[in-house]
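# Chain and residue survey
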Amino acid sequence: MNVLVINAGSSSLKYQLINVETQELLAKGLCDRVGSDEAMHKHGLDSDEICIHTQMADHDQAVAVVLETLTSGPTKAIDSLEEIDAVGHRIVQGGKYFDRSVIIDEDVIAKIDEMAELAPLHNKAAIMGIRGCQHHMPDTPMVAVFDTSFYQSLPPKAYMYPLPYELYEKYAIRKYGAHGTSHRYIAERAADLLEEDLRDLKLITCHLGNGCSISAVDHGIAVDTSMGMTPLDGLMMGTRCGSIDPAIVTYVMDKEGLSPQEMDDLMNKRSGLLGVSGISNDLRSVDEEADRGNERALLAYEMYSNSAKKYIGQYMAVMGGVDCIVLTGGVGENSAKMRRMIFAGLQTMGIVLDNERNMAGPREREISTDESEVLIVIIPTDEELMIARDTYELVHDLIDSDEVDYNPDMLLF
Ligand code: ADP
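This structure is a prediction, so every number in the text was calculated from the model and none was measured. Numbering of residues starts from 1 in each chain and follows the order in which that chain's sequence is written. Two thresholds apply to this predicted model, a pLDDT of at least 70 for residue-level local features and 80 or more for giving and counting side-chain atom pairs, whereas whole-chain, interface and lining totals are computed over all residues. Note that water and hydrogens are dropped before the side-chain values are worked out from all heavy atoms of the structure.

## Things to note about the side chain of Ser226
To be explicit about the condition: Only DSSP runs of H or I covering at least 4 residues are called helices, and only runs of E covering at least 2 are called strands; the numbering of each starts at the N terminus. The classification of residues rests on relative accessible area computed with a 1.4 Å probe and restricted to protein chains. Under 20% of the type maximum is buried, over 50% is exposed, and intermediate values are partly exposed. Contacts are assigned to residue pairs with any non-hydrogen atoms lying within 4.5 Å of each other.
Mapped onto the fold, Ser226 is located in the loop between β11 (221-225) and α7 (247-256). When its relative accessible area of 1% is taken as the criterion, Ser226 is described as buried. Apart from the residues within four sequence positions on either side, Ser226 is in contact with Lys175, Cys212, Ser213, Ile214, Asp233, Gly234, Leu235, Tyr311 and Tyr315.

See below:
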């Protein structure tokens, strides 16, 4: 079964065509700056990438460009649209409505629209992507896969904020989490790698990149996560501050005369590695400067590692221990130095990094010593494959049972 995975942003549309049974990636690409005169289409499996200026006034036209590219000319991956059995859409915010992936119908679209309140740019863009696909492939089943659904299992003591309860009732202010599809993928893949049942494991999953999040996954169920009502919470990131004393917000607004939007901008775009180092949001550039003796770069580097270390400790306490810590994301997969700093000094907690294994490249592997009580593994994430799998499970079941509803046991948790 071929699944087209669509990840629509406000002015972009990423896609992958995946054969789910063989896990083969048949094609992938990106429509960028959709709606502007500089709209650009990139297509190809890395080595044979093409990059062309193409008119794309909106997401509907971007979908048309993608489908044309997949079915004709030198880029052809399939003979006709009939070879796309289903489409899986990444949705950032499912709010309270979705604790799993679902087949898309008008009711689902209405709820995604309602939840746009919490992620305006992302959810509105996702709906444009869905509408575009519906227009060009009216008979193809579509599935919505939510970044937040993995965290609908959090208990109230983890998702509530200690604010007046009415704010939760009036505005649904609570923790929703983010990066859930990535955490779900690496949790499941780690269990496979360890040849264990996920339901027998206590995992701490760490997605460390430009955006960062850490989750506690207790016997297959997410019980806590570092991102909050928005993806600004939790760890220090590339440009985001993560958790800070909330009193700083009003204090800085007052001192600097900032509007709410300007303060939001400061915390989301001008903080984190970039804000502290004054150099870059990219860890490699910060590291290079730290090596040259730049003290702010070194401080930023140390703060990033310390932030991750603290969440690992927290979540061990939350779950009463941990069997395995899983790392992914640009930093988690690639930076041996950052991993060394995060795990330094954790021997007394049964966590021992193996220096040689740690240095051995970015592939999927175990990097703890044989004696370490807690395993540490690297799993390159694959959110698109996870979306394709969910889509397959729902659509396959739909076809098999000839019903609109589906069997939750077919899902992963
Ligand atoms: P995003 O959250 O935008 O998806 P990524 O997961 O791609 O980000 O991670 C980007 C981060 O990964 C950058 O800070 C980059 O410096 C870092 N990174 C990528 N490769 C390496 C590497 N080989 N060594 C150290 N850091 C790396």
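## Digging into the pairing of strand β6 (residues 86-91)
Stated formally: The pairing criterion for strands is at least two bridges between them, as found by DSSP.
Within β6, 5 of the 6 residues are buried, which leaves it mostly tucked inside the rest of the structure. Alignment of strand β1 (residues 2-8) against β6, held across 4 bridges, turns out to be parallel. If you follow Leu4 over to β6, its bridge partner there is Val87. Note that β6 and strand β8 (residues 142-146) share 5 bridges and pair parallel. Paired with Gly88 across the bridge in β8 is Val143.

## Considering the site of the ligand
To be explicit about the condition: Any residue with at least one heavy atom within 4 Å of a molecule or strand is counted as near it. Whenever a nitrogen or oxygen atom comes within 3.5 Å of another N or O atom, the pair is scored as a polar contact, on the condition that within protein one atom can donate a hydrogen and the other can accept it, and that pairs from neighbouring residues in sequence are kept only if both atoms are in side chains. Only Asp, Glu, Lys and Arg are considered charged in this grouping, and only Ala, Val, Leu, Ile, Met, Phe, Trp, Tyr, Cys and Pro are considered nonpolar; every other residue, Gly among them, is considered polar.
The environment of the ligand is formed by Gly209, Asn210, Gly211, Asn281, Asp282, Leu283, Arg284, Gly329, Gly330, Val331, Asn334 and Ser335. Within the backbone of Asn210, one N or O atom sits 3.1 Å away from an oxygen atom of the ligand. Between the ligand and Arg284, the relevant distance is 3.2 Å, taken from an oxygen atom to a main-chain nitrogen or oxygen of the residue. Among the secondary structure elements, those contributing two or more residues to the shell around the ligand are α10 (283-291) and α12 (329-334). If one sorts the elements of the shell around the ligand by residue count, α12 sits on top with 4 residues. Residue composition of the shell around the ligand, grouped by class: 2 nonpolar, 8 polar and 2 charged.

## Topic: the nonpolar core
Heads up, the rule is: Only buried residues count toward a nonpolar core. Its members are Ala, Val, Leu, Ile, Met, Phe, Trp, Tyr and Cys residues joined through side-chain atoms within 4.5 Å.
Judged by nonpolar contacts, the single largest core of 40 residues is most densely connected at Ile204, Leu208, Ile214, Ile312, Ile325, Phe343 and Ile351. Going through the elements one at a time, β9 (202-208), β10 (212-218), α10, α11 (295-319), β12 (324-328), α13 (336-343) and β14 (375-378) are the ones with two or more residues in this core. When residues in this core are grouped by element, the largest group, 10 residues, is from α11. Not counting residues within four places of it along the chain, the set of residues in contact with Ile214 comprises His183, Ile204, Thr205, Cys206, Leu208, Asp224, Thr225, Ser226, Leu235, Ala308, Tyr311 and Tyr315. Judged by nonpolar contacts, the second largest core, of 36 residues, contains Val145, Ala187, Leu194 and Tyr392.

## Some thoughts on the side chain of Ser149
As for its placement among the helices and strands, Ser149 is situated in the loop between β8 and α4 (156-159). Among the polar contacts listed, one links the side chain of Ser149 to the backbone oxygen of Phe146, at a separation of 3.2 Å. Other than its neighbours up to four places away in sequence, Ser149 contacts Phe98, Asp99 and Arg100.

## Overview of the packing of α7 against helix α8 (residues 260-269)
As a reminder of what qualifies: Here the axes come from fitting lines to C-alpha atoms, over the contacting stretch only for helices, and the angles between their N-to-C directions go from 0 to 180 degrees. An angle counts as roughly parallel when it lies under 35 degrees, as roughly antiparallel when it exceeds 145, as roughly perpendicular when it falls between 65 and 115, and as oblique in every other case. Put simply, a crossing is left-handed when the front helix is turned counterclockwise from the back one by less than a right angle, and right-handed when it is turned clockwise.
Running from N to C, α7 and α8 cross one another at 120 degrees; their axes reach a closest spacing of 10 Å. When the axes of α7 and α8 are compared, the pair comes out oblique. The hand of the α7/α8 crossing is right-handed. Here α7 contributes Val249, Val252 and Met253 to the contact with α8, which in turn contributes Pro260, Met263 and Met267. When its residues are assigned to classes, the contact of α7 with α8 shows 6 nonpolar, no polar and no charged.

## Concerning unusual backbone geometry
You will see that Glu195, though not glycine, has its phi angle at about 55 degrees, which is positive. A positive phi angle is found at His219, which is not glycine, with a value near 55 degrees. Residue classification places His219 among the partly exposed positions, given a relative accessible area of 35%.

## A few points about the sheet that holds strand β13 (residues 365-366)
With mixed pairing, 6 strands are arranged side by side in an open sheet as β11-β10-β9-β12-β14-β13. Only two strands of the sheet have a single partner each, and these edge strands are β11 and β13. Where β9 meets β12, 5 bridges bridge the pair, whose relative direction is parallel. By the bridge assignment, Leu203 is partnered in β12 with Cys324. Packing against the sheet, helix α6 (residues 180-194) makes contact with β9, β10, β12, β13 and β14, and its axis sits at approximately 130 degrees to β9. Set on the sheet, α11 makes contact with β9, β10, β11 and β12; between it and β10 the angle comes to about 15 degrees.

## A short note on helix α3 (residues 120-136)
Note the threshold: Here a helix's expected span is defined as the number of its residues, less one, multiplied by 1.5 Å.
Here α3 is 17 residues long and its end C-alpha atoms lie 25 Å apart, about the 24 Å a rise of 1.5 Å per residue gives. When we look at burial in α3, the residues that qualify are Asn123, Ala125, Ala126, Ile127, Gly129, Ile130, Gly132 and Cys133. Buried residues along α3 sit in contact with β1, β2 (13-19), α1 (59-71), β6, α2 (106-114) and β8.

## Quick notes on the sheet that holds strand β4 (residues 40-43)
Where strands meet in a sheet, backbone hydrogen bonds hold them as pairs that are either parallel or antiparallel. Reading across from one edge, β5-β4-β3-β2-β1-β6-β8-β7 is the order of the 8 strands in this open sheet, with mixed pairing throughout. Whereas interior strands pair on both sides, the edge strands pair on one side only; in this sheet they are β5 (50-53) and β7 (102-103). Where β4 and β5 come together, 4 bridges link them in antiparallel fashion. Residue His41 lies in a different strand from β5, and its bridge partner there is Ile52. Across the sheet, α1 lies against β1, β2, β3 (24-32) and β4, angled at about 35 degrees from β2, the strand it touches most. Lying on the sheet, α2 is in contact with β6, β7 and β8; it crosses β8 at an angle near 30 degrees.

## A look at the environment of Lys96
Among the secondary structure elements, Lys96 is positioned in the loop between β6 and β7. The contacts of Lys96, once residues within four sequence positions are left out, are Met115, Gln152 and Tyr176.

## Describing the pattern of salt bridges
The condition is simple: Any Lys or Arg side-chain nitrogen located within 4 Å of an Asp or Glu carboxyl oxygen qualifies as a salt bridge.
All chains considered together, the criterion is met by 19 salt bridges. As a salt-bridge pair, Lys175 and Asp224 come within 3.7 Å of each other at their nearest N and O atoms. Of this pair, Lys175 sits in the loop between α5 (165-171) and α6 while Asp224 sits in strand β11, placing them 49 residues apart in sequence. Classification of Asp224 by relative accessible area gives buried; the value is 13%. The closest approach of N and O atoms between Glu289 and Arg292, which form a salt bridge, is 2.4 Å. Taking relative accessible area as the criterion, Glu289 reaches 24% and is therefore assigned partly exposed.

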